[in-house]
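What follows is the residue order along each chain.
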Amino acid sequence: MTDRIQIHCYASLKPLEPPDATAHPITTGTTVGHLLSSLGIVPGQIKLIFVNGRRAAPETVLNHGDRLGLFPPVGGG
């Protein structure tokens, strides 16, 4: 059985959300950082990371059924 997670990219990151975002496959031990790299998202594009509604870091290991939320830096004035 393949582990799957949900990925939600917000605001300017939405175009980078994978087509299978509602059931994205991961391998055991995948970290948020590894996943971001595989999606072509560079660290400067991310301001906030949430896993299951809790603040997370790139080193956070993802597990089957996790919900990953990615938010960009917000500019304004």
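Residues numbered from 1 in each chain as written. Predicted model: local features only at pLDDT ≥ 70, side-chain atom pairs only at ≥ 80, totals over all residues. Heavy atoms only, no water.

Q: Would you mind showing me how to read the sheet that holds strand S4 (residues 54-55) here?
A: Within a beta sheet, neighbouring strands are joined by backbone hydrogen bonds and run either parallel or antiparallel to one another. In space, the five strands of this open sheet follow the order S2-S1-S5-S3-S4, with mixed pairing throughout. Each edge of the open sheet carries a strand with a single partner, namely strand S2 (24-26) and S4. With three bridges joining them, strand S1 (residues 3-9) and S2 adopt antiparallel strand pairing. Within S2, the position partnered with Ile5 by the bridge is His24. (Pairing = 2+ DSSP bridges. Helix = DSSP H or I, 4+ residues; strand = E, 2+ residues; numbered from the N terminus.)

Q: What exactly am I supposed to notice about the environment of His34 here?
A: One can find His34 in helix H1 (residues 32-38). For His34, a relative accessible area of 55% puts it in the exposed group. Remark: the alpha-carbon pair of His34 and Pro19, spanning 15 residues in sequence, is separated by 18 Å. (Buried < 20%, exposed > 50% of the residue type's maximum accessible area, 1.4 Å probe, protein only.)

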